[in-house]
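Inside the fold
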Amino acid sequence: MVTRLTDGLRDESLASLPEWRHEPARDAIVRSFAFRDFVEAFGFMTRVALLAEKADHHPEWSNVWNKVDILLTTHDAGGLSIRDIQMAQAIDALVG
C-alpha cells in the first residue's frame with residue numbers, strides 16, 4: 001500500500017515542482033494549464049490520460065475550452081503520496 005507523504009517530504013518534493021501548489025484541504029497538489037485552444041488542451045489531456053492509465057494513477061481534472069485544471073492526491077493513502085509527485089513530474093515533462 002502507498003503511504004501518505006510526511007510534511008517534510010511533501011515540502012521537499014514540492015520544491016522541485018514550482019508550478020504546482022499544495023491544496024491543504026484535500027492534501028493534494030494542483031496546477032492549471034492554458035493552451036492556445038480547445039484542441040490543444042484536449043490533446044494534452046489525452047497524453048496525460050495515457051500516462052495515468054499506464055501508472056494506474058488517475059488525476060481529478062476539469063477542462064473549459066483552453067484551460068485544464070489538474071488535482072493529484074492518492075485516495076488510498078488519504079492524501080499526497082509519491083505517486084502524485086511522480087505523476088506531476090511526468091505531466092510537467094509533457095509540457096516542457
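Reading the values: rules and limits
- For every chain, the first residue of the written sequence is number 1, and numbering continues from 1 onward in sequence order.
- With pLDDT at 70 or above as the cut-off, local features in this predicted model cover only qualifying residues; side-chain atom pairs require 80 or more to be listed or tallied, and sums for whole chains, interfaces and linings still use all residues.
- To get the side-chain values, take all heavy atoms of the structure and skip hydrogens and water.
- Going along the chain from the N terminus, every DSSP run of H or I of four or more residues is numbered as a helix, and every run of E of two or more is numbered as a strand.
- Exposure is judged per residue with a 1.4 Å probe applied to protein chains only, and the accessible area is read against the type maximum: over 50% gives exposed, under 20% gives buried, and values in between give partly exposed.
- The contact rule is simple, with two residues in contact once any of their heavy atoms fall within 4.5 Å.
- Throughout this description, a polar contact denotes any pair of N or O atoms lying within 3.5 Å of each other; where both atoms belong to protein, one of them has to be capable of donating a hydrogen while the other can accept it, and for residues adjacent in sequence the pair is counted only when both atoms sit in side chains.
- The term salt bridge refers to a pairing of a side-chain nitrogen on Lys or Arg with a carboxyl oxygen on Asp or Glu at a separation within 4 Å.
- How far a helix is expected to stretch is found by multiplying one less than its residue total by 1.5 Å.
- To obtain the arc, one takes the directions from the helix axis to the C-beta atoms.
- Pairing of aromatic rings covers Phe, Tyr and Trp, the last counted by its six-membered ring, and requires centre-to-centre distances within 6.5 Å; plane angles under 30 degrees mean stacked, over 60 mean edge-to-face, and any other angle means tilted.

**Considering the side chain of Asp27**
Mapping Asp27 onto the fold places it in the loop between β1 (21–23) and β2 (28–34). In this structure Asp27 comes out as buried when scored by relative accessible area, which is 6%. Among all residues touching Asp27, those that are not within four sequence positions of it are Arg4, Arg10, His22, Thr73, Gly78, Gly79 and Leu80.

**Focus on unusual backbone geometry**
One can expect most non-glycine residues to show negative phi and most peptide bonds to be in trans. At Asp56, a residue that is not glycine, the phi angle is positive and equals roughly 50 degrees. Summarising the element assignment, Asp56 is placed in the loop between α2 (38–55) and β3 (60–64).

**Notes on the side chain of Arg10**
Along the chain, Arg10 falls in helix α1 (residues 7–15). Polar side-chain contacts of Arg10 include one of 3.1 Å to the side chain of Asp7. With near-sequence residues (within four places) excluded, Arg10 lies in contact with Leu5, His22, Asp27 and Leu80.

**Describing the pattern of salt bridges**
In a structure, side chains of opposite charge can pair up when their charged atoms sit close to one another. Using the criterion set out here, one finds eight salt bridges in the structure. Across the pair Glu60 and Arg26 runs a salt bridge whose closest N-O atoms are separated by 2.6 Å. Here Glu60 is found in strand β3, whereas its partner Arg26 is found in the loop between β1 and β2, with 34 residues between them in sequence. Classification of Glu60 by relative accessible area gives partly exposed; the value is 29%. Asp92 is the salt-bridge partner of Arg31, the closest N and O atoms lying 2.5 Å from each other. In this pair, Arg31 sits in strand β2 while Asp92 sits in helix α3 (residues 82–95), placing the two residues 61 residues apart along the sequence. Comparing Arg31 with Asp92 shows no difference in burial state: the two are buried.

**Some details on α2**
Spanning 18 residues, α2 covers 25 Å between terminal C-alpha atoms, matching the ideal 26 Å at 1.5 Å per step. Here α2 has its buried residues at Ala41, Phe44, Met45, Val48 and Ala52. Down the axis of α2, the smallest arc covering the buried residues is 100 degrees, so these residues share one side. The outward face of α2, more than 90 degrees from its buried face, is lined by the exposed residues Val39, Leu50, Glu53 and Lys54. In this structure Asp37 caps α2, since a side-chain oxygen of it lies 3.2 Å from the backbone nitrogen of Val39.

**Some details on the packing of aromatic side chains**
Inspection of every chain in the model, using the stated rule, returns five aromatic pairs. Summarising the aromatic geometry, the rings of Trp20 and Phe33 are spaced 6.2 Å apart at their centres and angled 75 degrees between planes, so their arrangement reads as edge-to-face. Taken together, the residues span a long stretch of sequence, with Trp20 in the loop between α1 and β1 and Phe33 in strand β2 at a distance of 13 residues. For the pair shown, Trp20 and Phe33 are each scored as buried. A ring pair is formed by Phe35 and Phe44, whose centres lie 4.9 Å apart and whose planes are at 35 degrees; its orientation type is tilted. According to the relative accessible area criterion, Phe35 is buried, its value standing at 12%. Aromatic ring contacts, followed pair by pair, group Trp20, Phe33, Phe35 and Phe44 into a single cluster.

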